[in-house]
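A look at the structure
Next come the chains, spelled out residue by residue.
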Amino acid sequence: MGAEAFRDSVSHIDTSGKRVWFYPKKPKGKFYRWRTAVSLGFLLILFTLPFIKVHGDPLFLFNVVDRKFILFGVRFWPQDFFIFMVGMIAFIIFIALFTVVYGRVFCGWVCPQTVFMEMVFRKIEYAIEGDFTHQRALNRGPWTAEKIRKKTIKYILFFLVAVLVANTFLAYIIGVDELKMIATEPLSGHLGGFVAMLVFSTIFFFVYSWFREQVCLVVCPYGRMQSVLLDRHSIVVAYDHVRGEPREKFSKEEKTGKGDCIDCLECVRVCPTGIDIRNGTQLECVNCTACIDACDHMMEGVHRPKGLIRYASEHNIATGKPTRWTTRMVAYTGLLAALVVLESFLLVTRADLDVTVVRAKGTLFYHEEGNRISNLYNVKIINKTRHDMEVEVKLTGSNGTVRWVGAPHPVVPADSLIDTQFFITREAAEILEQQSRLTLQVWSNGEQITTENTSFIGPLSSE
Ligand code: SF4
Ligand code: SF4
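Note that this is a predicted model, so its numbers are computed, not measured. Along each chain, residue indices are assigned from 1 in the same order as the chain's sequence is written. Whichever chain is written first becomes A and whichever ligand is written first becomes 1, with later ones labelled in order. For this predicted model, a pLDDT threshold of at least 70 governs which residues receive local features, and a threshold of 80 or more governs which side-chain atom pairs are given and counted, while totals over whole chains, interfaces and linings are taken from all residues. To get the side-chain values, take all heavy atoms of the structure and skip hydrogens and water.

The near set for a molecule or strand comprises every residue that places at least one heavy atom within 4 Å of it. Taken together, the neighbourhood of ligand 2 is formed by Tyr239, Cys261, Ile262, Asp263, Cys264, Leu265, Cys267, Arg278, Cys295, Met299 and Ile309. Residues belonging to the shell around ligand 2 are distributed by class as follows: nine nonpolar, no polar and two charged. Polarity classes work like this: nonpolar for Ala, Val, Leu, Ile, Met, Phe, Trp, Tyr, Cys and Pro, charged for Asp, Glu, Lys and Arg, and polar for all others, with Gly in that last group.

This is the structure we're talking about:
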C-alpha cells in the first residue's frame, strides 16, 4: 500500500461496501473538558429557552404550520418575510465567513448533532458498555444475560433522552403551552401533536442509536461545503507534518532525521469518524479535537512538545508564519457588515401596522347624492404591537372622504389581523381621469404610521 492509498477508500465503508461501525476510544484531555463545559452551557440554553416568555410570548417560536415566528420576543408576520430572509442570508454569510476563517469549529463545539452524539449519547454508552474495546467485545460476543441487560438499559435511556430532545424541538415549533396540553389532555384532542412527538422521538432515537456519524459524513450539507469554503489559511484541526514526518515507532534510542510522530495511532482510535488526520484535512473531520487531546497525551509520555496535532492553518504549518487575513475573508466581512446594517435598519423601521388597501373586486364606482362618486375598498390591517390600535385613514394630495363600513374607525386588537372595508367618496367635478392614483395616510393615536397607494375609478367624462 502506497502513502496515498487512503485516497482510494472512505473510512466508513469497507471493501465489500458495508458500513464500518466505529468504536471511538473515550477521549480525555484539556479540549475534551472544555468541550464538555461548552456542551453543558449549550444544553442548558437549549432546554431553558422554550420556557422563557416575553409579555406572554415565547422568546423564540418557529411555528411553520401556523406561520407564527417569534425571534427574541418580537413577533414576525408572513408580511415581514423579507426581514426574515435578509436575516437568514446574513446568517449564512456569517457561517461562510466563520468557516473560511475557523474551519469547522461549529461542528465540533456547538452543532446539536455532535453535542448530543458525543456529549450525551456516547457518554451514556461509555457508562453502560465501557470503553471501545469492551463495546466491541460486547457487540461481537454472544447474547448473554449481561449483554441483554446492558443493551436494554442503554436503549431505554437512549429512547428517554430522544423523547426529551424531541419534545424540546417541538416546544420551539408549537410552544411549551401547546406541548403541555398534548402531554396532559386527552389524546383525542391532540392526535396530530402526539403523532409528531412520537415521530420526532423515533427519528432522534434512530439517529443517535444507529445512524450516528453518518449524519455528518453523508447527510449534512455543511460538511459538503467545506471543500469550497476552506483554503490554505483556514484554521482547522491539523497535523503538523513538517514536525511529525518521517513518522517512526517510538524507541528510547535517539535517531536523527526522524519526525515527532511515533505512529501510535491514538489519534485514529479516538476519532468518531474513523479518519487519520495525518492524511491532511478531510471532509469527514468534524473538528472534534479528540485527536489533539490523544496526541498531546502521547507527546507528554515521550517528552516531546505538545501540539503535533493542533488548531492551525495549512499555510501556518508549511511556512511557520502566522495565519493572515485573505481578500476572501475581508470581502465576506464587508458583506456581512452590510447585511447586518440592512437588517438593523429594516427592524428599526418596521411599521407597527401593516395595511393593505385593494379596490373591492368586481366593483366599479357608485353615484352618491350631491354629484359625488365613491369606490369600495377591501382593507387588511395587521397590528404588530402588544396593544390595541385605533386606525384612521386620511386622503392626502386629493380631496375626498374616507367612510368605514361599520364602526367610524376600526380598532385592531394587539398582535392581530382584521379584514374590513371603507368607501372613498370624491366630488365628481374633481375627477378628471377615469382611473387616478390616490395616496392614503394611516394614522393611529395622533401619529402617522405609514402611507398606502391605491387607485380610484370614476366615470368617463362623457358619462
Ligand atoms: S480527525 Fe480529529 S478532529 Fe477530526 S473528527 Fe477525527 S478526532 Fe475529531
Ligand atoms: S497520536 Fe500523535 S504521535 Fe500518535 S500517531 Fe497520531 S499524530 Fe502520531
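After presenting the structure, the write-up continues.
Helix and strand assignments come from DSSP, with helices taken as H or I runs of at least 4 residues and strands as E runs of at least 2, each series counted from the N terminus. Relative to the helices and strands, arginine 359 is located in strand β8 (residues 353-359). Whether a residue is buried, partly exposed or exposed follows from its accessible area with a 1.4 Å probe, protein chains only, as a fraction of its type maximum: under 20%, in between, or over 50%, in that order. Taking the relative accessible area as the measure of exposure, arginine 359 reaches 18% and is therefore buried. Pairing of N or O atoms within 3.5 Å defines a polar contact, subject to two protein rules: one partner must be a possible hydrogen donor and the other a possible acceptor, and residues neighboring in sequence count only if both atoms are side-chain atoms. Within the structure, arginine 359 has its side chain in polar contact with the backbone oxygen of threonine 363 (distance 3.3 Å).

Next up on the list: the pattern of salt bridges. Counted as salt bridges are all cases of a side-chain nitrogen of Lys or Arg within 4 Å of a carboxyl oxygen of Asp or Glu. According to the stated counting rule, one finds 26 salt bridges in the structure shown. A salt bridge links lysine 380 to aspartate 419, with the shortest nitrogen-to-oxygen separation between them at 4.0 Å. Of this pair, lysine 380 sits in strand β10 (residues 372-383) while aspartate 419 sits in strand β15 (residues 416-427), and the two are 39 residues apart along the sequence. One salt-bridge network, in which partners are shared between bridges, spans Glu125, Glu129, Lys151, Lys154 and Arg212.

What follows is about the nonpolar core. For this analysis, a nonpolar core means a set of buried residues of the types Ala, Val, Leu, Ile, Met, Phe, Trp, Tyr and Cys, connected via side-chain atoms within 4.5 Å. Counting 28 residues, the largest nonpolar core has Tyr239, Ile277, Cys291, Leu308 and Ile309 as the members making the most contacts within it. When residues of this core are traced back to their parent elements, those giving at least two are α3 (105-109), β6 (236-239) and α13 (290-301). In terms of residue count, the dominant contributor to this core is α13 (six residues). Once you skip the residues sitting within four places of it in the chain, isoleucine 277 turns out to touch Val237, Tyr239, Gln282, Cys285, Cys291 and Ile309. Contacts are residue-level and defined by heavy atoms, with any inter-residue pair within 4.5 Å sufficient.

Looking now at the site of ligand 1. Taken together, 13 residues lie near ligand 1, and Cys271, Cys285, Cys288, Thr289 and Cys291 sit nearest. When the residues that make up the shell around ligand 1 are grouped by side-chain class, the tally is 10 nonpolar, three polar and no charged.

Let's shift gears to a nonpolar patch on the surface. Together, Leu187, Leu191, Val195, Val199 and Ile203 line one region of the surface with nonpolar side chains, adding up to about 410 Å² of accessible area. Its location among the elements puts isoleucine 203 in helix α8 (residues 191-211). Only residues whose relative accessible area exceeds 30% and that form no salt bridge are eligible for patches; like-charged ones are grouped when within 9 Å, while nonpolar side chains (Val, Leu, Ile, Met, Phe, Trp, Tyr) are grouped when within 5 Å. Exposure was quantified through the Shrake-Rupley algorithm and a 1.4 Å probe, taking into account, for residues, occlusion by the shown protein chains and nothing else.

Moving on to helix α4 (residues 112-129). Helix length check: α4 (18 residues) gives 23 Å between terminal C-alpha atoms against 26 Å at 1.5 Å per residue, within 8%. One fitted axis covers the seven residues ending at a residue, a second covers the seven starting there, and the bend at that residue is the angle between these axes. The sharpest bend along α4 reaches about 35° and sits at arginine 122. Most of α4 sits inside the fold, with 15 of its 18 residues counted as buried. Count one or two residues on from α4 and you reach glycine 130, which has phi positive near 90°. Here, expected helix span is obtained from the residue count minus one, scaled by 1.5 Å.

Here we take up the sheet that holds strand β17 (residues 447-457). Strand pairing in a sheet is mediated by backbone hydrogen bonds. Such pairs are either parallel or antiparallel. Note: two strands are recorded as paired if DSSP finds a minimum of 2 bridges between them. If you walk across this open sheet you meet the three strands as β12-β16-β17, and the pairing is antiparallel. In this open sheet, the two edge strands, each paired with only one partner strand, are β12 (392-396) and β17. Averaged over all neighbouring strand pairs, the angle between strand axes comes to 30°, with direction disregarded. As judged from the 10 bridges shared by strand β16 (residues 435-444) and β17, these two strands associate in the antiparallel manner. Each residue of the ladder has a partner; that of glutamine 435, found in β17, is isoleucine 457. Each axis is a line fitted through C-alpha atoms, and for a helix only the stretch in contact is used; angles between axes span 0 to 180 degrees, taken between their N-to-C directions.

Okay, the sheet that holds strand β5 (residues 74-76) next. Taken together, the three strands give an open sheet; going across it, the order is β3-β4-β5, and neighbouring strands pair in antiparallel fashion. At either end of the open sheet lies a strand with only one pairing partner, and these are β3 (61-63) and β5. Going across the sheet, the axis of each strand differs from the next one's by a mean of 25°, ignoring polarity. Alignment of strand β4 (residues 68-71) against β5, held across three bridges, turns out to be antiparallel. In the sheet register, phenylalanine 69 faces β5, and the bridge partner there is phenylalanine 76.

Glancing now at the packing of α4 against helix α6 (residues 145-174). Taken N-terminus to C-terminus, the directions of α4 and α6 make an angle of 160°; their axes are 9 Å apart at the nearest point. Considered as vectors, α4 and α6 are oriented roughly antiparallel to each other. Classified by chirality, the crossing of α6 by α4 is right-handed. Across the interface between the two elements, Phe116, Val120, Phe121, Ile124, Glu125, Ile128 and Glu129 of α4 pack against Lys150, Lys151, Ile153, Lys154, Leu157, Phe158, Val161, Ala162, Val165 and Phe169 of α6. When an angle is under 35 degrees it counts as roughly parallel; over 145 it counts as roughly antiparallel; between 65 and 115 it counts as roughly perpendicular; any other value is oblique. The hand of a helix crossing depends on one turn: near helix anticlockwise from the far one by less than a right angle means left-handed, and clockwise means right-handed.

To continue, consider α8. The end-to-end C-alpha distance of α8, which contains 21 residues, comes to 28 Å, matching closely the 30 Å that a straight helix rising 1.5 Å per residue would cover. Along α8, the positions that sit buried rather than exposed are Met197, Ser201, Phe204, Val207, Tyr208, Ser209 and Phe211. Note on α8: the residue one or two positions beyond its end, arginine 212, has a positive phi of about 45°.

Quick look at the packing of helix α1 (residues 30-48) against α4 now. In contact at an axis separation of 10 Å, α1 and α4 are set at 110° when each is read in the N-to-C sense. On the basis of the axis angle, α1 is roughly perpendicular to α4. For the pair formed by α1 and α4, the contact residues are Tyr32, Arg35, Thr36, Ser39, Phe42, Leu43, Leu46 and Phe47 on the first element and Pro112, Thr114, Val115, Phe116, Glu118, Met119, Val120 and Lys123 on the second. Split by residue class, the contact of α1 with α4 holds 10 nonpolar, three polar and three charged.

Turning to the pairing of β15, a few remarks are in order. In this structure, β10 lies alongside β15, joined through 12 bridges in antiparallel fashion. Residue tyrosine 377 lies in a different strand from β15, and its bridge partner there is phenylalanine 422.

Note on aromatic pairs: the rings of Phe, Tyr and Trp (six-membered ring only in Trp) are paired at centre separations within 6.5 Å, and the planes decide the class, stacked below 30 degrees, edge-to-face beyond 60, tilted for the rest. Using the criterion set out here, one finds 24 aromatic pairs in the structure. Their ring planes at 65° and their centres at 4.8 Å tell us that phenylalanine 60 and phenylalanine 72 sit as a pair that is edge-to-face. With phenylalanine 60 in the loop between β2 (57-58) and β3 and phenylalanine 72 in the loop between β4 and β5, this residue pair connects regions lying 12 residues apart in the sequence. According to the relative accessible area criterion, phenylalanine 60 is buried, its value standing at 13%. Taking relative accessible area as the criterion, phenylalanine 72 reaches 63% and is therefore assigned exposed. With a centroid separation of 6.1 Å and an interplanar angle of 70°, the aromatic rings of phenylalanine 76 and phenylalanine 84 are classed as edge-to-face. Exposure remark for phenylalanine 76: the relative accessible area of 7% places this residue in the buried category.

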